[in-house]
Amino acid sequence: MTVQPNSIEGRDIAFHLHSYTNARKHEANGPIVMESGEGVHVTDTDGNRYIEAMSGLWSVAVGFGEKRLVDAAARQMQKLNYYHTFTHKSHGPAIELAEKLVGMAPVPMSKAYFTNSGSEANDTMMKLVRYRSNALGQPQKKKIISRIRGYHGVTLASASLTGLPNNHRAFDLPMPGILHTTCPHYWREGRDGESEEAFATRCAEDLDAMIEAEGPDTVAAFIAEPVMGAGGVVVPPATYWEKIQAVLKRYDILLVADEVICGFGRTGQMFGSQTYGIEPDIMTLSKALSSSYLPISALLINERVYAPVADQSSEIGTFGHGYTASGHPVAAAVALENLKIIEERDLVANAREMGEVMQAGLRRLADHPLVGEVRGVGLIAAIELVTDKAAKLSAQPPGDLAARGFAIMQKNGVISRAMGDALAFCPPLIVEKQHIDTIVETTARSLDELQASL
Ligand code: PMP
């Protein structure tokens, strides 16, 4: 199909460079242009309606078109459209949101710091960690360990934390001082006959060996998502988190939980850290914090982090960091109203209940000839596609099965996401059983179509 130059699609091709898109393919095929959204549905400019089974980018927790958030934004815009948080200035929404987040944290936290994206939150985390080590007189303690296939963002620093080849290749990344340890994907990385627990032990031993090889006094922090998201929805193997945390404690290394996807209900508890018994020193939050109605992200830091940072800022004279829009009053007001909705409607309980329906539904597809593994927890899941189940391999080029499966599902009215050879599912927390039934049924039908096309 040729795209008319004057059409909305043609103008997109002419003027717009897209994120995570093959630019030349885009020139040939053009975009799908979304126009409106309501609940779990979005509609494009051709009038096609889809179930957004990815909540946009894992983020629209309360669903599309939520009027309370529109009203909260309008109210704040009229009252005080903008103020900053530099040089001892503050405003009600930032104060209220900071208090709210510190109060919600699953472990004692001291302060909230506001940023505008997950990437900025993780970038800021790295700067805080450096600042802290300098304050403590440990200038050599700066390295950060993340994981292969972890996803932490795309700024130079946060893309370095990300453990995916497409985020490094041709960008001259990762930058020095960032290391990647074993990906805890039991189905893919576990050895023949190795139990899940034994695999978790091996992951912890790999981390321990990396710390020893680098020199324990040079490693400042470890960052991980409770459940890996963009790396393919990797649910940690049993006992993983307790073993990893034991290693970090032994070497006095800070633990950073990247809760950008897991935070605010996704795994069936308010935070992924609760689902897995994680006790982080720093948490990074975004996405469902505002359901992506406006950009906002936050870090929560405990006293171990705050106290030396505060001392250092006092010695230097200022904490030389901050964004124009840090704690933006309109974004903060929307986040507060969004959290109110999550609590009032008990969307965490809905995530737990509907999560069980979704996990059971998708697991029924495990017998399909193209399904290698179904994995997930709460309202986040993935299906790994293979052509050879026993060998856990695909005869197609890498990523081809999922890309084709994704396209068929989209044609059939459900938007999932292709990641490697996995298809991901992460519907809004307001999802109902009827939507999940449609998602599962459409997935089954689409896999049959995919198989017939091979
Ligand atoms: N951390 C995690 C776990 C994420 O999933 C993402 C985004 N998918 C980020 C960080 C980066 O967030 P942003 O795209 O807002 O920079």
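Everything numeric in this text was worked out from a predicted model, so none of it was measured.

## A closer look at the environment of Arg 11
Moving on, step 1. With respect to the helices and strands, Arg 11 occurs in helix α1 (residues 8–15).
Moving on, step 2. For Arg 11, a count of 16 C-beta atoms within 10 Å puts it in the partly exposed group.
Moving on, step 3. When the C-alpha atoms of Arg 11 and Gly 30 are compared, they prove to be 9.3 Å apart, with 19 residues separating the residues in sequence.

## Thoughts on the site of the ligand
Moving on, step 1. The environment of the ligand is made up of 15 residues, and the closest members are Ser 117, Gly 118, Ser 119, Gly 153 and Val 260.
Moving on, step 2. The dominant element in the shell around the ligand, judged by the number of residues it contributes, is helix α6 (residues 118–135), at three residues.
Moving on, step 3. When the residues that make up the shell around the ligand are grouped by side-chain class, the tally is five nonpolar, eight polar and two charged.

## Considering helix α11 (residues 240–250)
Moving on, step 1. Looking at α11, one finds that the buried residues are Tyr 240, Trp 241, Ile 244 and Leu 248. Considered in projection along α11, the buried side chains sweep an arc of 85° and stay on one side of the axis. Residues of α11 that are exposed and angled more than 90 degrees away from the buried face: Ala 246, Lys 249 and Arg 250.
Moving on, step 2. At its buried positions, α11 is contacted by α10 (196–214), β7 (219–224) and β8 (254–258).
Moving on, step 3. Phi turns positive, to about 55°, at Asp 252, one or two residues after α11.

## What to know about the packing of helix α16 (residues 400–411) against helix α17 (residues 433–453)
The angle between the axes and the distance between the axes are what describe a pair of packed helices.
Moving on, step 1. Their axes nearest at 9 Å, the elements α16 and α17 cross at an angle of 125°. Judged on the interaxial angle alone, α17 and α16 are oblique. Here α16 and α17 pass one another in a crossing that is right-handed. Taken together, the residues of α17 that come into contact with α16 (itself represented by Arg 404, Gly 405, Ile 408 and Met 409) are Thr 442, Thr 443, Ser 446, Leu 447, Glu 449 and Leu 450.
Moving on, step 2. A class-by-class count of the residues in the contact of α16 with α17 yields four nonpolar, four polar and two charged.

## A closer look at the domain arrangement of the protein chain
Moving on, step 1. Taken as a whole, the protein chain is organised into domain 1 (32–62 + 346–453) and domain 2 (69–344).
Moving on, step 2. The C-alpha centroid of domain 2 is placed 26 Å from the C-alpha centroid of domain 1.
Moving on, step 3. The partner domain 2 presents 23 residues to the 25 residues of domain 1 that form the contact.
Moving on, step 4. Elements represented by at least two residues in the side of domain 1 that touches domain 2 include exactly α3 (55–58), α15 (347–363), β11 (371–377), β12 (380–385) and β15 (422–425).
Moving on, step 5. Looking at the side of domain 1 that touches domain 2 element by element, the count peaks at five residues for α15.
Moving on, step 6. When its residues are assigned to classes, the side of domain 1 that touches domain 2 shows 16 nonpolar, six polar and three charged.

## Some thoughts on the sheet that holds strand β13 (residues 414–415)
Moving on, step 1. Pairing within the open sheet is mixed, and its four strands lie in the order β1-β2-β3-β13. In the strand order of this sheet, the two ends are held by β1 (34–38) and β13, each with one partner.

## A short note on the packing of α15 against α17
Moving on, step 1. Where α15 contacts α17, the axes come no closer than 10 Å and their chain directions differ by 20°. Compared by their axis directions, α15 and α17 come out roughly parallel. Here the hand of the crossing between α15 and α17 comes out right-handed. Residues Met 354, Val 357, Met 358, Gly 361 and Leu 362 of α15 touch α17, and the partners they reach there are Lys 433, Ile 436 and Val 440.

## Some details on the sheet that holds β15
Moving on, step 1. Spatially, four strands are ordered β11-β12-β15-β14 in an open sheet, and the strand pairing comes out antiparallel. The sheet is open, and its two edges are formed by β11 and β14 (417–419), each paired on a single side. Adjacent strand axes in the sheet meet at a mean angle of 25°, parallel and antiparallel pairs treated alike.
Moving on, step 2. Across three bridges, β14 lies against β15 in antiparallel orientation. Each residue of the ladder has a partner; that of Arg 417, found in β15, is Ala 424.
Moving on, step 3. Contacting β12, β14 and β15, α16 runs over the sheet at an angle of about 180° to β14.

## Examining the environment of Cys 203
Moving on, step 1. Locating Cys 203 in the fold gives a position in helix α10.
Moving on, step 2. For Cys 203 and Trp 241, which are 38 residues apart along the polypeptide, the C-alpha to C-alpha distance reads 10.0 Å.
Moving on, step 3. Beyond its immediate stretch of four places on either side in the chain, Cys 203 contacts Thr 182, Pro 184, Tyr 240 and Ile 244.

What counts, and where the lines are drawn
- Residues numbered from 1 in each chain as written.
- Predicted model: local features only at pLDDT ≥ 70, side-chain atom pairs only at ≥ 80, totals over all residues.
- Helix = DSSP H or I, 4+ residues; strand = E, 2+ residues; numbered from the N terminus.
- Buried ≥ 20, exposed ≤ 12 C-beta atoms within 10 Å, placed from the backbone.
- Near = placed C-beta within 6 Å.
- Nonpolar A, V, L, I, M, F, W, Y, C, P; charged D, E, K, R; others polar.
- Arc of directions from axis to C-beta.
- Contact = placed C-beta atoms within 7 Å.
- Axes fitted to C-alpha atoms, helices over the stretch in contact; angles between N-to-C directions.
- Parallel < 35°, antiparallel > 145°, perpendicular 65-115°, else oblique.
- Left-handed = near helix turned anticlockwise from the far one by under 90°.
- Domains from an automatic or database assignment.
- Pairing = 2+ DSSP bridges.

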